[in-house]
Each structure stands twice: as C-alpha cells, then as structure tokens.
Amino acid sequence: MAGGGAAPPPKQEELQPHPVKDQLPSVSYCITSPPPWPEAVILGFQHYIVMLGTSVIIPSALVPQMGGGNEEKARVIQTLLFVAGINTLCQSFFGTRLPAVMGGSYTIVAPTISIIMAGRYSNETDPHEKFLRTMRGTQGALIIASTIQIILGFSGLWRNVVRLLSPLSAVPLISLAGFGLYELGFPGVAKCVEVGLPEIILMLIFSQYLPHAIHVAKPVFDRFSVIFTIAIVWLYAYILTASGAYKNARTKTQIHCRVDRSGLISGAPWINVPYPFQWGAPTFDAGECFAMMMASFVALVESTGTFIAVSRYASATMIPPSVLGRGIGWQGIGTLLGAFFGTANGTAVSVENAGLLALTHVGSRRVVQISAGFMIFFSILGKFGAIFASIPLPIFAALYCIFFAYIGACGLSFLQFCNLNSFRTKFIMGFSFFMGLSVPQYFNEYTSVAGYGPVHTGARWFNDMINVPFSSKAFVAVLVAFFLDNTIQRRDTSVRRDRGYHWWDKFRSFKTDSRSEEFYSLPFNLNKFFPSV
C-alpha cells in the first residue's frame, strides 16, 4: 500500500545533468566590466590587504636567516610590494590581461634557503654584511633563473606544451595549486587559534550566511567580507595585546598573536623608493643558478594552473595557449625585475587573490590594476604600509583556508567537460591526485627528519634541482596526469571526448573564438605589432 505522503516523481528537466559552461555564470563583474569607481577602489584595497600575507611571510622567514634585522626585513617587504605592483600592472596590460595579482612565490623559498646555507656566506661574522652578500647571491641566481620563463614564454615553446593540455590533465594542476597549499592554512591558524579561528568563523558568517539572512539592495557583506572581518579580528587582537593577555606567554606565541611584535613599523622608513641593485651588484654561482632555474620552471607550471583558474573566475573563456605563453614571458620579466630590485624571491600568480575573485564574484581587470596602485603607494610610504603589514599572520592563514579552497574547487569544476563514467578518466584523475599528494609528502617528511632531501649528493645545486620540483604537489600531479593523458589510448576518438579535449578545440588558437579578442587582445592597438596566434 503506497503511503499518502510519498514525494511526486521528478520532472523530466530535473533529471537532466547541469549544462556545461564555457564561461562561469553568475559573476557580477567580468574581466571587461568594471564596478563603479568607489566600489572598485575598495575592492582594489581588499586585494592589496590579501596579498600582504605572502609578501610578509616570505621575507619574515628569509631575512633573519640571511642576517638581516627588522630594518632590512621592512625594506625587503616594501621592495617585494613595489615590484609586485609593477608586475601586476604589466601582466594586466601586456601579459595575459587577466585580473591576476603577481606576488611572491613559495616555490622559490627552498633554493633561496639553500643559497643562505651555502658555505661561502657562513664564515661572515658581521650580520649586515652577511645579509648583503646573501642577497646579492640570490639576485644573481634569480637573474639567470628568470631567463627560463622569458624564453619558454616568448619563444612559443610553452604555448605548444599547453596546447596538449586537456580538461582532464588540467584538473589536478589547478586543484593542487589550491589544495596543495593546505599546510599554509589551518596549521597557520593554529599558531594563534584565539585570533585565527574567529577570522574563519566570521568570514563564513559574512560571506555565506549574512547575505541570505539580511537582504540589502547591493551585495555588501560577501563582497567586502575581508575588510569587515579583518577590522573586527585585528581590533580584538589589539585588545588582547593591550590587556596583557600574552605578557607571560612563550616567545613564539607572542610573535604570532601580538599586534606589536612584527618589528615592521619601527623598522620601516617614512618614505623609501626601492631602486635596482640597492643592496649592491649581484654575484653569480653556477650551481645556485641551476637550482634556481628548476624552481623557476616549477613556479611557471604552478602559475599556469592559477592563470586558468583566474580566467574562470573572471568569467572569461579558456585562455588561449599563445596568450598564456605571453603571460609566462611577462612573469619571467617580473622575476627579472624582482632580481634587479632585490626581493630575494621570484614572481608567481597569487593564489589567494585568485580565490578572492571567487569570493567577491568580481573578476574585473580594473579592480586588480587599482590594487597594484595601492601596492606601489604603500611600499613608498613605508610607515603606513607597515601598519597593514603588521596584521597577525594567523588572520591571513584563516583567509587562505577559504581562498585556496576556492582554487582547488575551480580545478574540480573542469571535470564537467570529462566523462566521469570512463575508467580511463577515473584512473588518470585518481592516480595523479594521489601521487601529487603522496610523492611531495615523502620528500617533505624525509627533509624534516634528516635535515636534507632524499637526493643528497655532494653537489647542493643538483640536490635542489631534484628535491624542489618533487616537493611541489601541483607539479608532480600535472606531470603524472599530462604524461598519462597524452600516452594512454590517445588516438582513440572516444577517448578524445572522454578527456574533454574537444571542448577546448576552439580556444587552442586565438582567432578561432571571437570572444578571445574581447578578453585577451592587447591595448593601444598593439595586436598589430604583436599578433596572437
């Protein structure tokens, strides 16, 4: 006997799968449609605040090891911000033209530490002199390393590699460009859980719940949730600091929780304009250059995945390979600029700012160009920039939990183009994800126990050339997926459809889709002189 409360059978349209979309719908402002100026300025400032985390974390980890104090640390952070602003403008005008913030690269940190530990600097007794000599060594290595991105990008070699990329092999690359940074998320929050955890909770409330609970004419809570929540939690952290909550706490706890322990405000000059070779003339060592070139190549691969995610969240079409190559070439120029100015770091697409595009539903190019203006402005006015840069790092780690997750999810969304009922698809996707997580875990565990990587020969540069790429989750995953996807049953026509390759056919050349002109053509009629193919 049928129950009276049984649900009605689903309608035919409810049984249809969701349609595949070339462009992401429900984005409020896409790449070419800027928000009103007041809103654009606030959103640009929000991008500046978000990219501060990486800009502070990397120099804070490297400069003390190099022998530098608070003054040197503040100047390196200012220089990194100044160069990031220039690179972001160059990328948005002449590179991919995507709203991608170009910041520091975590991949470059390992070979930089290797340079710091090199024997030729360890004999130096004066810390400031050691800092200057080490900085010049990293500058020399980065100058040489930038050439690999410039050559691969502008020569068209990288374009030819990307043409072989299918949605299936792009999934692990983009997903692990986000998910692969998990150690920067909650472990960073836990360093001061009473500050980091409220930031996560408030971000969830402001961005996901309040917009549906309180109906206002324009989206406010979700679009500006970063500014709202950082202001609240930063004030809360200041009250904790001022009330003496950490008076007897351990030194590490005080550094992570207190708002007055970064040393940046006291170390920063009032006005400082970074200039090339401010630390002296670069020095070159062949081994260090080889190691840095490999790290530069890994950063290039990771940025490729993030560029694709940015194009998705900006509601643009899939980025044509020639445009991606152009962007990688400009990323190389960015790394070269960073080497000239002395940032002790390379250039890569900021994953957290790509996630912010998703949170705000604003993928406007103008917003990111405004944020580049803030980077340059606050890097010159040192004291003011240092105030924002002294936000406790667990607050940034809380933001990463949300932004990196958005990029990981963007990668998974490309599975809509693939046949998920195919055993070939399941194997390539599963195996590349598993190896992308498992191989770097082995390399990182080995390093944390032994103090050096699994490849440990007398040549430090050779060790870095192997250990650095295999410690990158996105790099290992795409290496496995790209190889398998282009070798297993490649000639089979049904396989071509299973891997989603046919969906991107119209984007493999700049001219085969009319929308490419709208999103990616160069400004000032430069396409006549530098045509995209």
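For the structure itself, consult the block above.
Residues numbered from 1 in each chain as written. Predicted model: local features only at pLDDT ≥ 70, side-chain atom pairs only at ≥ 80, totals over all residues. Heavy atoms only, no water.

## A short note on helix 18 (residues 393–413)
Over its 21 residues, helix 18 runs 30 Å from end to end, which matches the ideal 30 Å to within 8%, given 1.5 Å per residue. The principal kink in helix 18, of about 30 degrees, is found at Tyr-400. (Helix = DSSP H or I, 4+ residues; strand = E, 2+ residues; numbered from the N terminus. Expected span 1.5 Å × (residues − 1). Bend = angle between axes of the 7 residues up to and from the residue.)

## Side note on the pattern of salt bridges
All chains considered together, the criterion is met by eleven salt bridges. A salt bridge links Lys-473 to Glu-183; the nearest nitrogen and oxygen atoms lie 3.5 Å apart. Of the two residues, Lys-473 is situated in helix 21 (residues 473–485) and Glu-183 in the loop between helix 7 (167–179) and helix 8 (186–189); the sequence distance between them amounts to 290 residues. Take Glu-183: its relative accessible area is 38%, and that puts it in the partly exposed class. Salt bridges here are not isolated pairs; linked through shared partners, they connect Asp-22, Lys-506, Asp-513 and Arg-515. (Salt bridge = Lys/Arg side-chain N within 4 Å of Asp/Glu carboxyl O. Buried < 20%, exposed > 50% of the residue type's maximum accessible area, 1.4 Å probe, protein only.)

## Observations regarding the packing of helix 15 (residues 351–360) against helix 18
It is the contact of helix 15 with helix 18, at a shortest axis distance of 8 Å, that shows an interaxial angle of 80 degrees. The orientation of helix 15 relative to helix 18 falls into the category roughly perpendicular. Across the interface between the two elements, Val-351, Glu-352, Ala-354, Gly-355, Leu-356, Ala-358 and Leu-359 from helix 15 touch Tyr-400, Ile-402, Phe-403, Phe-404, Tyr-406 and Ile-407 from helix 18. Of the residues assigned to the contact of helix 15 with helix 18, the class counts are eleven nonpolar, one polar and one charged. (Axes fitted to C-alpha atoms, helices over the stretch in contact; angles between N-to-C directions. Parallel < 35°, antiparallel > 145°, perpendicular 65-115°, else oblique. Contact = heavy atoms within 4.5 Å. Nonpolar A, V, L, I, M, F, W, Y, C, P; charged D, E, K, R; others polar.)

## Side note on empty space enclosed by the protein
For the coordinates displayed, the defined rule picks out six cavities of 30 Å³ or more. Put simply, the largest cavity is a space of about 80 Å³. Ala-74, Ile-77, Gln-78, Leu-81, Leu-264, Ala-268, Phe-378, Gly-382, Gly-385, Ala-386 and Ala-389 are the residues that line the largest cavity. Contributing elements (two or more residues each) for the lining of the largest cavity: helix 2 (70–93) and helix 17 (382–389). A breakdown of the residues in the lining of the largest cavity according to their chemical character gives eight nonpolar, three polar and no charged. (1 Å grid on protein atoms, 1.4 Å probe; cavity = no way out; pocket = protein on both sides within 12 Å on 5 of 7 lines; lining within 4 Å. Points joined across faces, edges and corners; volume = space filled by probe spheres on them.)

## Some remarks on the layout of surface pockets
Roughly 290 Å³ of volume is contained in the second largest pocket. Lining of the second largest pocket is provided by 16 residues; of these, Phe-154, Ser-322, Arg-326, Phe-530 and Pro-531 occupy positions nearest its centre. For the lining of the second largest pocket, the secondary structure elements donating two or more residues are helix 5 (127–155) and helix 14 (321–341). Considering each element in turn, the lining of the second largest pocket owes the most residues, four residues, to helix 14. Of the residues assigned to the lining of the second largest pocket, the class counts are eight nonpolar, six polar and two charged.

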